[in-house]
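The residues making up each chain are set out below.
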Amino acid sequence: MRITDRRPFPALMLLLAGAALGGCSGGDFGRTRSDLRNDDMHRWLGAEATGSIGMKASQFQLTDNERQLRDLAYQFIEPPLSRPAWKSVFGDYQTLPSPWRQKVVFDRTAYGRNLIDEPHRSFASRYSLLIDHVRDDITRFEPFFATAIRVIELDRKRNTSLTMISDLSPRERTDATARMEENTLIVQWVQESLERRISSYRWALERLVIQAPDSMAADADRQIGELARLTANPPIASAPVAGHAVVSKG
């Protein structure tokens, strides 16, 4: 009897699988590219915010506080459940348009539909995931706004110093002003993102109650209410950008 040697087959499959994984993103095995994983990986938030309303971004390097502001802001700006779980595991990362982009439309139903349509998940686990997401936002609230207060207060001092510094070049003044605008816009962006999240969470909870009433709904409603209370009374006031309405649907 002739026996065919098939030992090379697993090696071939591993080779093909490795090539496929490598093509999923710019990094090894689908992980975030190394050129994105750096201290300033969220620097683009400032340029996106100012660019979306026709302003130029500052060329100054980020201070430690400004870098932390952007890092903490991204946690609110990226919509919850916006990526499949496997992409989150592999570290998929993407930049996002600011809410002042004219073609950006907010769909408050997207989060709830992703939550409910997720296969192999019980309704109890859906309620739990919703509650976890809201609690995470509540936990992140104070650290972000504490950093925002520091940054805005230092920007006030920076603004005052512009009239006292000798030999200030036009380029330096432009970059300093642009950085202050960036920081303020990022705070406004987070405030808008929080309002969107609350709207999305409420829509999701309403659909869960319709489809599968559960006592967990009361806890979810309390958590959403607490997040709404915090968002309505932020520790730092930042008015919307005049003349640039944010579009929403759903």
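Refer to the structure printed above.
These figures come from a predicted structure and were not determined experimentally.

Q: Quick rundown of the nonpolar core? Include the residues and the values.
A: Judged by nonpolar contacts, the single largest core of 42 residues is most densely connected at Leu 45, Leu 130 and Phe 144. Elements supplying a minimum of two residues to this core: α2 (44–51), α3 (64–77), α5 (110–117), α6 (123–161), α7 (170–211) and α8 (216–232). When sequence neighbours within four positions are dropped, the list of residues in contact with Leu 45 reads Arg 70, Ala 73, Tyr 74, Ile 77, Ile 186 and Trp 189.

Q: A description of unusual backbone geometry should follow, citing residues and the corresponding values.
A: Even without a glycine there, the phi angle at Asp 167 is positive, about 55°. Along the chain, Asp 167 turns up in the loop between α6 and α7. Classification of Asp 167 by relative accessible area gives exposed; the value is 77%.

Q: How would you summarise the side chain of Asp 175 if you had to cite specific residues and measurements?
A: Mapped onto the secondary structure, Asp 175 falls in helix α7. Asp 175 sits in the buried class, given a relative accessible area of 7%. For Asp 175, the residues in contact, after removing those within four places along its chain, are Ala 57, Ser 58, Gln 59 and Phe 60.

Q: How would you summarise the packing of α5 against α7 if you had to cite specific residues and measurements?
A: Where α5 contacts α7, the two axes come as close as 7 Å, and the packing angle between them is 40°. As summarised for this structure, α5 and α7 are arranged oblique, according to the angle between their axes. In this structure, the crossing between α5 and α7 has a hand that is right-handed. Note on element contacts: α7 touches α5 through Ser 200, Tyr 201, Trp 203, Ala 204, Arg 207, Leu 208 and Gln 211, opposite Tyr 111, Gly 112, Arg 113, Leu 115 and Ile 116. The residue inventory of the contact of α5 with α7, partitioned by class, reads 7 nonpolar, 3 polar and 2 charged.

Q: Break down the environment of Gln 61 for me, citing the residues and quoting the values.
A: In this fold, Gln 61 is placed in the loop between α2 and α3. Take Gln 61: its relative accessible area is 71%, and that puts it in the exposed class. Through-space distance from the C-alpha of Gln 61 to that of Arg 43 is 9.4 Å; in sequence the pair is 18 residues apart. Setting aside residues up to four positions removed in sequence, Gln 61 forms contacts with Arg 43, Glu 66 and Arg 179.

Q: I'd love a proper account of the side chain of Glu 48, names of residues and values included.
A: Tracing the backbone through its elements, the reader meets Glu 48 in helix α2. If sequence neighbours within four positions are ignored, Glu 48 has contacts with Leu 96, Pro 97, Ser 98, Arg 101 and Trp 189.

Q: How would you sum up the packing of aromatic side chains? Please name residues and give values.
A: The full count for this structure, using the stated rule, is 6 aromatic pairs. Judged by centre distance (6.4 Å) and plane angle (80°), the rings of Trp 44 and Trp 189 are edge-to-face. Of the two residues, Trp 44 is situated in helix α2 and Trp 189 in helix α7; the sequence distance between them amounts to 145 residues. For the pair Trp 44 and Trp 189, a shared accessibility class is recorded, and that class is buried.

Q: Pulling in residues and values, what's your account of the environment of His 42?
A: Within the fold, His 42 resides in the loop between α1 (8–22) and α2. In the structure, His 42 is positioned 53 residues away from Thr 95 in sequence and 8.6 Å away in space, judged by C-alpha atoms.

Q: Hey, could you go over the pattern of salt bridges for me, with residue numbers and the actual values?
A: Scanning the entire structure with this criterion turns up 17 salt bridges. The partner of Arg 67 in a salt bridge is Asp 40, and the shortest N-O contact between them spans 2.7 Å. Here Asp 40 lies in the loop between α1 and α2 and Arg 67 lies in helix α3, a separation of 27 residues in the sequence. Residues Asp 155 and Arg 158 are paired through a salt bridge, measuring 2.8 Å at the closest nitrogen-oxygen approach. Linking Asp 155 with Arg 158, this pair stays in helix α6, spanning 3 residues, or about one helical turn. Look at Asp 155 and you get buried, because its relative accessible area is 5%. Assessed through its relative accessible area of 21%, Arg 158 is described here as partly exposed. Through salt bridges that share partners, Glu 66, Arg 70, Asp 155, Arg 158, Arg 179 and Glu 182 make up one connected network.

Conventions used here
- Residues numbered from 1 in each chain as written.
- Predicted model: local features only at pLDDT ≥ 70, side-chain atom pairs only at ≥ 80, totals over all residues.
- Heavy atoms only, no water.
- Core = buried A, V, L, I, M, F, W, Y, C linked by side-chain atoms within 4.5 Å.
- Buried < 20%, exposed > 50% of the residue type's maximum accessible area, 1.4 Å probe, protein only.
- Helix = DSSP H or I, 4+ residues; strand = E, 2+ residues; numbered from the N terminus.
- Contact = heavy atoms within 4.5 Å.
- Axes fitted to C-alpha atoms, helices over the stretch in contact; angles between N-to-C directions.
- Parallel < 35°, antiparallel > 145°, perpendicular 65-115°, else oblique.
- Left-handed = near helix turned anticlockwise from the far one by under 90°.
- Nonpolar A, V, L, I, M, F, W, Y, C, P; charged D, E, K, R; others polar.
- Phe/Tyr/Trp six-rings, centres within 6.5 Å; stacked < 30°, edge-to-face > 60°.
- Salt bridge = Lys/Arg side-chain N within 4 Å of Asp/Glu carboxyl O.

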